[in-house]
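Residues per chain, in single letters:
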Amino acid sequence: MKKGTLSEGIIQKVDFPNKGVIDTEDGEKVIVKHTIPGQKVQFRVQKKRKGKYEGCLLEVLEKSPLELPEAACVHFGSCGGCTYQNLEYSKQLSLKEAQVKEMLLPVVQAADDTWFEGIKPSPAQFGYRNKMEFSFGDAYKDGPLALGMHKRGSFYDLVTVDKCVIADSDYNQILSTVLSYFAKESVSYFKKNTHIGYLRHLLVRKAAKTGEILVCLVTTTQNCGSKPEAVLLEGFQAALLQLCLQGKITGILHTKNDSVADVVKNEGTDILYGTDYFYEELLGLKFKITAFSFFQTNSLGAEVLYDTVRQFAKGAVSGQPGILYDLYSGTGTIAQMMAPAAKKVIGVEIVEEAVLAARENARSNGLVNCEFIAGDVLKVLDTIQEKPDVIILDPPREGVHPKALCKILDYGVDNLIYISCKPTSLARDLAVMQERGYRVERGCCVDLFPGTYHVECVVLMSRVEK
């Protein structure tokens, strides 16, 4: 097949992440994203890489027997946010479990697959997200103002996702109100090609347990239109505060961002109303969360994840461990969950804002045996005097830096727990850890992202070579 060739085929399976596989009559393999097993699809060949063709999905010619008659979300297919809203939740879980298992089994050196304990579901399938980042733009070139998510496969066009099913219903009200307000005021949005315009993003966060809501408008410092900026923002604030929401708005913020990159970046934030933080509760602990601090986007699912980590640690360690390292600790949620079961917990995180939040949260939760250090794990490990008895890793999507992983394994701790949001990175690091004398004892998936192909994994490893 040549680039640009139109063809069709049946999806045989889907590999992580989101890679539908077609076996052609000529014995070739074609990868087509945004598909599910059993669909007959039409695609256009885009390129050939590593002996496989990559195709762009043009049309689903025949539905899969796995599919629902109608997708759960009206935006499904046009919005690029979700991949599995056309499947029952039980089938989503089965698909994710099979993908992870197929990826890890060839890597894990074990006599059988009894170490793999399947997948744990999210307590909520819909409305579970406690954070949404919406973008301002247009649905098509020179079209009316839009606010939402990028269209599938598009860098520019947006879908106004005012009926998104994975976002809280309060978010949809807030989105519609904000869009209507700025459209009425004829305020421009920031254009990626010219770097001209005012509106950039709308960030909304809501705590599942307390119901507290934080709304943050992200703009450039350019001219906002006919009205003075102070007057425009006052109207924005008033429009939000008149809403009848299930939760309660505790803070409305305005953040400036003149970066040319299409990211939510904080180059200065003003409080328009209330505070610049809110509180969430997990497993009996309270956490202060700011607009830009990292926190798992599914609060109820995070409780399942962290409880799994606690159970893995409890089953592996007899008695109370002395020193526990929580590496890539973020705002210190895992460290604080584990603190009652350890003599001391040391968290290391490169984002200083997250470290400050972790320290404050530990104080408010009355935990005196937590220490949080700001810095790169690779460098900070050389400065810590106390040696660990147990290590918990929760690295970014790309996994642990190879040099940092070597330092971590040099400690030779008896037990190590690895939390991963990207199974491909986990598989790579597991191979290295096994070469260094560790074996996999237990592992499972936790679904923090229903409707999408993303999934969390937790693996317990023990040292078998001294």
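Reading the values: rules and limits
Residues numbered from 1 in each chain as written. Predicted model: local features only at pLDDT ≥ 70, side-chain atom pairs only at ≥ 80, totals over all residues. Heavy atoms only, no water. Helix = DSSP H or I, 4+ residues; strand = E, 2+ residues; numbered from the N terminus. Rg over C-alpha atoms; globule rule 2.2 N^0.38 Å. Buried < 20%, exposed > 50% of the residue type's maximum accessible area, 1.4 Å probe, protein only. Contact = heavy atoms within 4.5 Å. Areas by Shrake-Rupley, 256 points an atom, 1.4 Å probe, with all protein chains shown as cover. Lys, Arg positive; Asp, Glu negative; His and termini not counted. Charge placed at Lys NZ, Arg CZ, Asp CG, Glu CD. Polar contact = N/O pair within 3.5 Å; in protein donor to acceptor, adjacent residues only side chain to side chain. Pairing = 2+ DSSP bridges. Core = buried A, V, L, I, M, F, W, Y, C linked by side-chain atoms within 4.5 Å. Salt bridge = Lys/Arg side-chain N within 4 Å of Asp/Glu carboxyl O. 1 Å grid on protein atoms, 1.4 Å probe; cavity = no way out; pocket = protein on both sides within 12 Å on 5 of 7 lines; lining within 4 Å. Points joined across faces, edges and corners; volume = space filled by probe spheres on them. Nonpolar A, V, L, I, M, F, W, Y, C, P; charged D, E, K, R; others polar. Axes fitted to C-alpha atoms, helices over the stretch in contact; angles between N-to-C directions. Parallel < 35°, antiparallel > 145°, perpendicular 65-115°, else oblique. Left-handed = near helix turned anticlockwise from the far one by under 90°. Phe/Tyr/Trp six-rings, centres within 6.5 Å; stacked < 30°, edge-to-face > 60°. Lys NZ or Arg CZ within 6 Å of the ring centre and 35° of its normal.

**Brief notes about the overall build of the protein**
Here's step 1: Helices and strands together make up the secondary structure of the protein, namely nine helices and 23 strands.
Here's step 2: Computed over the C-alpha atoms, the radius of gyration of the protein is 24 Å, within 12% of the 23 Å expected from 2.2 N^0.38 for a compact globule of 466 residues.
Here's step 3: The principal-axis extent of the C-alpha atoms belonging to the protein is close to 70 × 65 × 35 Å.
Here's step 4: Taking all 466 residues of the protein together, 52% fall into the buried category.
Here's step 5: Nonlocal contacts in the protein, meaning residues at least 24 apart in sequence, comprise 62% of its contacts between residues at least 6 apart.
Here's step 6: Of the accessible surface of the protein, which amounts to about 20700 Å², a share of 51% is contributed by carbon and sulfur atoms.
Here's step 7: With 55 positive and 57 negative side-chain charges, the protein shows a separation of 2 Å between the mean positions of the two kinds.

**What to know about the side chain of His201**
Here's step 1: By secondary structure assignment, the location of His201 is in strand β11 (residues 199-206).
Here's step 2: You can call His201 buried: its relative accessible area is 5%.
Here's step 3: Engagement of the side chain of His201 in a polar contact is seen with the side chain of Asp262, the distance being 3.4 Å.
Here's step 4: In contact with His201, not counting residues within four places along its chain, are Phe134, Ser135, Phe136, Cys216, Leu217, Val218, Asp262, Val263 and Val264.

**Regarding the pairing of strand β8 (residues 131-138)**
Here's step 1: Counting buried positions along β8 yields seven of eight residues, so the element is predominantly enclosed.
Here's step 2: Sheet topology places β8 next to β11; five bridges connect them, and they run antiparallel. Note that in β11 the partner of Phe134 across the bridge is Leu202.
Here's step 3: The pairing of β8 with strand β9 (residues 145-150) spans four bridges and is classified as antiparallel. Pairing of Gly137 across the sheet is with Ala146, part of β9.
Here's step 4: Where β8 hands over to β9, the hairpin turn is made up of six residues, of which Asp142 adopts a positive phi near 60°.

**Some thoughts on the nonpolar core**
Here's step 1: If you look at the biggest cluster of nonpolar residues, it comprises 84 residues, and the most contacted ones within it are Phe136, Ile174, Phe182, Leu202 and Phe236.
Here's step 2: Per-element accounting of this core gives the leading share, seven residues, to helix α2 (residues 169-184).
Here's step 3: The residues contacting Phe136, other than those within four sequence positions of it, are Leu145, Ala146, Leu147, Leu158, Val178, Phe182, Tyr189, Leu199, Arg200, His201, Leu202 and Leu217.
Here's step 4: The next biggest cluster of nonpolar side chains, apart from the first, holds 43 residues, and it includes Leu381, Ala404, Tyr418 and Val455.

**Some words on the side chain of Arg200**
Here's step 1: Along the chain, the position of Arg200 falls in strand β11.
Here's step 2: One buried charge, Arg200, has no salt-bridge partner; the nearest side chain with opposite charge is Asp262, at 4.9 Å.

**A word on empty space enclosed by the protein**
Here's step 1: What the rule picks out here adds up to two cavities of 30 Å³ or more.
Here's step 2: The volume enclosed by the largest cavity comes to roughly 70 Å³.
Here's step 3: For the lining of the largest cavity, the secondary structure elements donating two or more residues are β8 and β11.
Here's step 4: Per-element tally for the lining of the largest cavity: the top contributor is β11, with three residues.
Here's step 5: Of the residues that constitute the lining of the largest cavity, the class distribution is three nonpolar, two polar and three charged.
Here's step 6: Taken as a whole, the second largest cavity spans an internal volume of roughly 40 Å³.
Here's step 7: Lining the second largest cavity, in full, are Glu185, Val187, Cys224, Gly225, Ser226, Lys227 and Leu232.
Here's step 8: Across the lining of the second largest cavity, the residue classes break down as three nonpolar, two polar and two charged.

**Some details on the layout of surface pockets**
Here's step 1: Roughly 510 Å³ of volume is contained in the second largest pocket.
Here's step 2: Among the secondary structure elements, those contributing two or more residues to the lining of the second largest pocket are β4 (29-33), β5 (40-49) and β6 (52-62).
Here's step 3: If you tally residues by element for the lining of the second largest pocket, the top one is β6, at five residues.

**Quick word on the packing of helix α1 (residues 89-104) against helix α9 (residues 423-435)**
Here's step 1: Contact geometry for α1 and α9: axes closest at 10 Å, N-to-C directions at 25°. On the basis of the axis angle, α1 is roughly parallel to α9. Remark: the crossing between α1 and α9 carries right-handed chirality. On the side of α1, the interface is formed by Val100, Met103 and Leu104, while α9 contributes Pro423, Thr424, Leu426, Ala427 and Leu430.
Here's step 2: Each residue belonging to the contact of α1 with α9 can be placed in one class, and the counts come to seven nonpolar, one polar and no charged.

**Quick word on the packing of aromatic side chains**
Here's step 1: Throughout the structure, instances matching the rule amount to eight aromatic pairs.
Here's step 2: Consider the rings of Tyr325 and Tyr411, whose centres lie 5.6 Å apart with planes at 85°: the pair is edge-to-face. In this pair, Tyr325 is assigned in strand β17 (residues 323-327) and Tyr411 in the loop between α8 (402-410) and β21 (415-420), connecting sequence segments 86 residues apart.
Here's step 3: The exposure class assigned to Tyr325 is buried, which follows from its relative accessible area of 0%.
Here's step 4: Site record: aromatic cluster; members linked through ring pairs are Phe136, Tyr181, Phe182 and Phe236.
Here's step 5: For Lys288, the ring lying beneath its charged end belongs to Tyr277, and the centroid distance is 4.1 Å.

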